[in-house]
Amino acid sequence: MYLSVLKLDTELPTPRRAHPDDAGLDLYARHPGRLAPGERATIDTGIAVAIPTGHAGLVLPRSGLASRFGIGLVNGPGLIDSGYRGEIRVVLVNLGRERFTIARGDRIAQLVVVPVALVEVETVQSLEGSERGQRGFGSSGR
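Calculation rules
Residues numbered from 1 in each chain as written. Predicted model: local features only at pLDDT ≥ 70, side-chain atom pairs only at ≥ 80, totals over all residues. Heavy atoms only, no water. Phe/Tyr/Trp six-rings, centres within 6.5 Å; stacked < 30°, edge-to-face > 60°. Helix = DSSP H or I, 4+ residues; strand = E, 2+ residues; numbered from the N terminus. Buried < 20%, exposed > 50% of the residue type's maximum accessible area, 1.4 Å probe, protein only. Contact = heavy atoms within 4.5 Å. Pairing = 2+ DSSP bridges. Axes fitted to C-alpha atoms, helices over the stretch in contact; angles between N-to-C directions. Salt bridge = Lys/Arg side-chain N within 4 Å of Asp/Glu carboxyl O. Core = buried A, V, L, I, M, F, W, Y, C linked by side-chain atoms within 4.5 Å.

> Can you help me understand the packing of aromatic side chains in this one?
Aromatic ring pairs are described here by two measures, namely the spacing of the ring centres and the angle between the planes. A complete count under the given rule lists one aromatic pair for this structure. Each ring, one from Phe69 and one from Phe100, has its centre 5.2 Å from the other, and the planes form 50 degrees; the classification is tilted. Within this pair, whereas Phe69 is found in helix α1 (residues 63–69), its partner Phe100 is found in strand β9 (residues 100–102), the two being separated by 31 residues in sequence. With a relative accessible area of 40%, Phe69 lands in the partly exposed category.

Below you can see the structure in the form of structure tokens.
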């Protein structure tokens, strides 16, 4: 399977894996920026993609940025539908205690392409029972 990538900024690297078996393709910052503690910003990546039909793109945080600086995604994961053709933008948030600087070309997130079930919605009068039932948050223990 191939992922068609349109480079809106030809000077940035093409999304790629850091290691051959990695699931995520690195996404890069198109513009520099700074995030104060508690601040969020939408960062352009300089690419648009054509996710294959029957799949979706998930924009995920980079674990190194999260563990070292407290940088995460506001809407993580971000969802890219197969029909979307606009620029991928990443909504970062600084949950750390210090200002975080983003340089042009920094790896800011990763893209994972996954298969999705394109289900039809059916309204019913009741649901089939299950072992868990309606037990919600915390019902499986600590």
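> Please clarify how the environment of Pro115 should be interpreted in this entry.
With respect to the element layout, Pro115 can be found in strand β10 (residues 107–115). Taking the C-alpha atoms as reference, Pro115 lies 26 Å from Ala66; in sequence the two are 49 residues apart. With residues up to four places along the chain from it excluded, the contact list for Pro115 reads Gly54 and His55.

> Got a minute to help me understand the sheet that holds strand β5 (residues 55–60) in this structure?
Across a sheet, strands are paired by hydrogen bonds formed along the backbone, either parallel or antiparallel in direction. Ordered in space as β2-β10-β5-β7, the four strands form an open sheet in which the pairing is antiparallel. Looking along the sheet, the strands with just one partner apiece sit at the ends: β2 (25–28) and β7 (78–80). Averaged over all adjacent pairs, the angle separating strand axes in this sheet is 30 degrees, with direction ignored. Note: β2 against β10, four bridges, orientation antiparallel. Residue pairing for β10: Leu27 is matched across the bridge by Ala109.

> Explanation requested: the pattern of salt bridges in the structure shown.
Pairing is possible between side chains of opposite charge, provided their charged atoms come close. Evaluation of the coordinates by the stated rule reveals seven salt bridges. Residue Asp9 is joined to Arg30 by a salt bridge in which the shortest nitrogen-to-oxygen separation is 3.6 Å. Here the residue Asp9 occupies a position in the loop between β1 (4–7) and β2, and Arg30 occupies one in the loop between β2 and β3 (33–35), the gap between them amounting to 21 residues. Neither Asp9 nor Arg30 differs from the other in exposure class; each is buried. When the shortest N-O distance is used, the salt bridge between Arg89 and Asp44 registers 2.7 Å. Of this pair, Arg89 sits in strand β8 (residues 87–94) while Asp44 sits in strand β4 (residues 40–50), and the two are 45 residues apart along the sequence.

> How do you make sense of the nonpolar core when you look at a structure like this?
A general feature of soluble globular proteins is that nonpolar side chains tend to end up buried together. By size, the foremost hydrophobic cluster in this structure holds 20 residues, and its most contacted members are Leu27, Val59, Ile88, Val90, Leu92, Ile102 and Ile108. Listed by contribution, the elements that provide at least two residues to this core are β4, β6 (71–73), β8, β9 and β10. Filtering out sequence-adjacent residues up to four positions away, Leu27 remains in contact with Pro15, Thr45, Ile47, Val59, Ile88, Val90, Asp106, Arg107, Ile108, Ala109, Gln110 and Leu111.

> Can you help me understand the environment of Ile80 in this one?
Mapped onto the fold, Ile80 is located in strand β7. For Ile80, a relative accessible area of 6% gives the class buried. Measuring from C-alpha to C-alpha, the distance between Ile80 and Leu58 comes to 6.3 Å, with 22 residues separating the pair along the chain. Discounting chain neighbours no more than four positions away, the residues touching Ile80 are Ile51, Ala56, Gly57, Val59, Ile88 and Leu111.

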